[in-house]
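Spelled out, the chains give:
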Amino acid sequence: MSTERRAPLDRRRVADTALQLLNEVGLDGLSLRAIARELDVKAPALYWHFKDKQALLDEMATEMYRRMVAEGAPDPDDTWQERLLKANRGLRTALLAYRDGAKVFSGSRFTGIEHAEHMEGMLRLLTSAGFTLARAARALNTAYLYTLGFVTEEQGVIPLPGERREGYDLDERARMMADHPLTAQAGPEIFENFDRNFEEGLTLIVTGIEALHGER
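Thresholds applied
Residues numbered from 1 in each chain as written. Predicted model: local features only at pLDDT ≥ 70, side-chain atom pairs only at ≥ 80, totals over all residues. Heavy atoms only, no water. Helix = DSSP H or I, 4+ residues; strand = E, 2+ residues; numbered from the N terminus. Buried < 20%, exposed > 50% of the residue type's maximum accessible area, 1.4 Å probe, protein only. Contact = heavy atoms within 4.5 Å. Areas by Shrake-Rupley, 256 points an atom, 1.4 Å probe, with all protein chains shown as cover. Lys, Arg positive; Asp, Glu negative; His and termini not counted. Charge placed at Lys NZ, Arg CZ, Asp CG, Glu CD. Phe/Tyr/Trp six-rings, centres within 6.5 Å; stacked < 30°, edge-to-face > 60°. Salt bridge = Lys/Arg side-chain N within 4 Å of Asp/Glu carboxyl O. UniProt positions renumbered as here; feature names shortened; annotations may be inferred. Axes fitted to C-alpha atoms, helices over the stretch in contact; angles between N-to-C directions. Parallel < 35°, antiparallel > 145°, perpendicular 65-115°, else oblique. Left-handed = near helix turned anticlockwise from the far one by under 90°. Nonpolar A, V, L, I, M, F, W, Y, C, P; charged D, E, K, R; others polar.

Visitor: Help me understand the overall build of the protein chain, please; the structure alone is not making it clear to me.
Guide: The secondary structure content of the protein chain amounts to 11 helices and 0 strands. In sequence order, the secondary structure elements of the protein chain are arranged as α-α-α-α-α-α-α-α-α-α-α. Its C-alpha atoms put the protein chain at 70 × 55 × 25 Å along the principal axes. The burial tally for the protein chain puts 38% of its 216 residues in the buried class. Here the analysis covers contacts within the protein chain between residues at least 6 apart in sequence; of these, 69% occur between residues at least 24 apart. As displayed, the protein chain offers around 13200 Å² of accessible surface, 53% of which is attributable to carbon and sulfur atoms. The average position of the 28 basic charges and that of the 35 acidic charges among the side chains of the protein chain differ by 7 Å.

Structural data, given as C-alpha cells:
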C-alpha cells in the first residue's frame, strides 16, 4: 500500500491541471470529468470547488493572468503608448501559450483582484497624460478587445505553433475564389504573417487613440 501523500485538491491545482489538459484536448474536449480523471479523483470532488464549467474557466483565466503578470513589472519610464503596446503584446503571448487560450479568456470573470493593480497603474498613466477616466478606460478596453479578437481568429487558423487547421490552405482558397481575384489575393494578408499583422493593427489602435486624444 502506497504511503505517498498527494497534494491537497484546491482551486489552483485544479486550474493548473485544466490548463495542462487544455493543450491536449482543446476547450470543447475539456470537462470536469476529464480533469477529475487526470487528478485521479472522482468528478464530484471538483464540484466542491467549481459549481460548473464556467466557474472553472473563470479560475483558468485568472491563473493565465497571474502567470502573465509574473513575467515582470512594467517599466515606470514607459509612456502610455509604450505601456499599452507592451501590455497587449504580453496578453497575446499569454493567450497563445494555450490551445483555445483566447476562448478561455473571453467572457471569463477574474476570481481575484490581481488585475486591479496593473489596471490602476495604466489608468494613472493615461489620466496623468490628460485623458479623462472615461476615455482612459475606453482606450484600455479597445486595445484589449482588439487583442482578444485577433488571437481568437489567429488560433482558429493555428491552434498551437506548428499546427494549421484544416481548411486554411491558401492555394486551395485561391482556386475556390478565382472569380474574386482581390479576395483570393488577400488570403496571405489575412491568414499568414500573424505577428506582423498583429503589430500593424495594434499600432493603428494606439495611433488612433493618440490622434483622438490630441483632437480633444
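Visitor: Help me understand the packing of aromatic side chains in this model?
Guide: A ring pair, where both rings are aromatic, is described by two values, the distance of the centres and the angle of the planes. Throughout the structure, instances matching the rule amount to 8 aromatic pairs. Between Tyr 65 and Phe 110 the ring centres are 5.1 Å apart and the planes differ by 45 degrees, which places this aromatic pair in the tilted class. With Tyr 65 in helix H3 (residues 53-69) and Phe 110 in the loop between helix H5 (101-105) and helix H6 (114-128), this residue pair connects regions lying 45 residues apart in the sequence. Tyr 65 gets classed as buried once you look at its relative accessible area, which sits at 12%. Relative to Phe 198, the ring of Phe 150 lies with its centre 5.3 Å away and its plane at 65 degrees, an arrangement referred to as edge-to-face. Here Phe 198 lies in helix H11 (residues 194-215) and Phe 150 lies in helix H7 (residues 133-157), a separation of 48 residues in the sequence. With respect to class, Phe 150 is no different from Phe 198; both count as buried. What links up through ring pairs into an aromatic cluster is the set Tyr 146, Phe 150, Phe 194 and Phe 198.

Visitor: Sorry if this is basic, but what is going on with the side chain of Asp 100 here?
Guide: Within the fold, Asp 100 resides in the loop between helix H4 (80-96) and H5. Although Asp 100 is buried, it makes no salt bridge; Lys 103 carries the closest opposite charge, 4.3 Å away. Apart from the residues lying within four places of it in its own chain, the contact partners of Asp 100 are Gly 26, Leu 27 and Gln 155.

Visitor: Honestly, the pattern of salt bridges in this entry has me stumped. Any pointers?
Guide: Oppositely charged side chains are able to pair whenever their charged atoms sit close together. Scanning all chains against the criterion turns up 16 salt bridges. Where Arg 66 meets Glu 63, a salt bridge forms, and the shortest distance between an N and an O atom there is 2.8 Å. Of this pair, Arg 66 and Glu 63 both sit in helix H3, 3 residues apart, which is roughly one turn of that helix. With relative accessibility at 5%, the residue Glu 63 sits in the buried group. The residue Glu 172 makes a salt bridge to Arg 175 at a minimum N-O spacing of 2.7 Å.

Visitor: Teacher, can you tell me more about the UniProt feature "domain: HTH tetR-type" (unreviewed entry) in the protein chain here?
Guide: According to UniProt, the positions carrying the feature "domain: HTH tetR-type" (unreviewed entry) are residues 8-68. Between the end C-alpha atoms of residues 8-68 the distance is 25 Å, and the span holds 70% helix and 0% strand.

Visitor: How should I be thinking about the UniProt feature "DNA-binding region" (unreviewed entry) in the protein chain in this particular structure?
Guide: Within this structure's numbering, the places UniProt gives as "DNA-binding region" (unreviewed entry) are residues 31-50. A distance of 12 Å separates the end C-alpha atoms of residues 31-50, which is 40% helix and 0% strand.

Visitor: I tried to follow the packing of H3 against H6 on my own but got confused; where do I start?
Guide: The relative placement of two packed helices is expressed as an angle between their axes plus a distance between the axes. It is at 10 Å that the axes of H3 and H6 come closest, and there the two elements cross at 50 degrees. By the angle class used here, H3 and H6 are oblique. By crossing handedness, the relation of H3 to H6 is classed as left-handed. Residues Thr 62, Tyr 65, Arg 66 and Val 69 of H3 touch H6, and the partners they reach there are Glu 114, His 115 and His 118. Of the residues belonging to the contact of H3 with H6, the class tally is 2 nonpolar, 3 polar and 2 charged.

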